[in-house]
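Descriptive structure summary
Spelled out from the first residue to the last, the chains are:
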Amino acid sequence: MDRAIAAMIGTVQARGEAPLIEIWGPSGGGDDWQRLDTLDPGPGAALSREVPKEQRQRSAREERLIDRRHQVLTSALACAGISIGQPEDDAALTCLVDAVDEDTARRLAHWLSQANR
């Protein structure tokens, strides 16, 4: 469950958005669900992915591949116990994602997953 939540938060952060965390549970009668609490992600949670103005237009396929590499590495860092919460962390990860191909990103993710064992 923790990995699934970390992966979902990583996906939202990869899009440059802050996660909205709501806790839901059964109502008093148990017949319906109600929102119990909304958690504030805190400062630094809204990550900005600044795109340089001179960047060439990417195809939808290229964007999907870049997003997938970003999600793979963000998830691997979360599994290794490393949180990405500061804008400079996201900037470094974005730079890394732009510099490596799919196989290299997966290899880095594998190394990170082994680091926490």
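Please read these numbers as outputs of a predicted model, since none were measured by experiment.

Here we take up the pattern of salt bridges. All told, the structure shown has two salt bridges when counted by the stated rule. Linking Glu-102 and Arg-68 is a salt bridge whose minimum nitrogen-to-oxygen distance equals 3.1 Å. Placement of the pair is Glu-102 in helix H4 (residues 102-115) and Arg-68 in helix H2 (residues 60-79), with a sequence separation of 34 residues. We classify Glu-102 as buried; its relative accessible area is 17%. Arg-68 gets classed as partly exposed once you look at its relative accessible area, which sits at 38%. The residue Glu-102 makes a salt bridge to Arg-106 at a minimum N-O spacing of 3.2 Å. Linking Glu-102 with Arg-106, this pair stays in helix H4, spanning four residues, or about one helical turn. Within this structure, Arg-68, Glu-102 and Arg-106 form a network of salt bridges that share partners.

Okay, the side chain of Arg-69 next. Within the secondary structure, Arg-69 sits in helix H2. Among buried Asp, Glu, Lys and Arg side chains, Arg-69 stands out as unpaired, with Glu-102 the closest opposite charge at 4.5 Å. Not counting residues up to four positions away in its chain, the partners in contact with Arg-69 are Val-97, Val-100, Asp-101, Glu-102 and Ala-105.

Now for the environment of Ser-83. Note on placement: Ser-83 falls in the loop between H2 and helix H3 (87-99). With relative accessibility at 62%, the residue Ser-83 sits in the exposed group. Separated by 77 residues in sequence, Ser-83 and Ala-6 have C-alpha atoms that sit 9.4 Å apart.

Of all hydrophobic cores here, the largest spans eight residues; its members are Ile-66, Leu-73, Leu-77, Ile-84, Leu-93, Val-97, Val-100 and Ala-105. Among the elements of the structure, H2 and H3 are those that each provide at least two residues to this core. Tallying contributions element by element places H2 first for this core, with three residues. With residues near it in sequence (within four places) discarded, Leu-77 still touches Ile-82, Ile-84, Leu-93 and Leu-112.

Moving on, we get to H2. The end-to-end C-alpha distance of H2 is 28 Å, a good match for the 28 Å that 20 residues give at a rise of 1.5 Å each. Within H2, the full set of buried residues consists of Ile-66, Arg-69, His-70, Val-72, Leu-73, Thr-74, Ala-76 and Leu-77.

Before going further, it helps to spend a moment on the layout of surface pockets. Put simply, the second largest pocket is a space of about 170 Å³. Along its surface, the second largest pocket is lined by Ala-6, Ile-9, Gly-10, Gln-13, Thr-74, Ala-78, Gly-81, Ile-82, Ser-83 and Ile-84. The class makeup of the residues in the lining of the second largest pocket is five nonpolar, five polar and no charged.

About the cut-offs
Residues numbered from 1 in each chain as written. Predicted model: local features only at pLDDT ≥ 70, side-chain atom pairs only at ≥ 80, totals over all residues. Heavy atoms only, no water. Salt bridge = Lys/Arg side-chain N within 4 Å of Asp/Glu carboxyl O. Helix = DSSP H or I, 4+ residues; strand = E, 2+ residues; numbered from the N terminus. Buried < 20%, exposed > 50% of the residue type's maximum accessible area, 1.4 Å probe, protein only. Lys, Arg positive; Asp, Glu negative; His and termini not counted. Contact = heavy atoms within 4.5 Å. Core = buried A, V, L, I, M, F, W, Y, C linked by side-chain atoms within 4.5 Å. Expected span 1.5 Å × (residues − 1). 1 Å grid on protein atoms, 1.4 Å probe; cavity = no way out; pocket = protein on both sides within 12 Å on 5 of 7 lines; lining within 4 Å. Points joined across faces, edges and corners; volume = space filled by probe spheres on them. Nonpolar A, V, L, I, M, F, W, Y, C, P; charged D, E, K, R; others polar.

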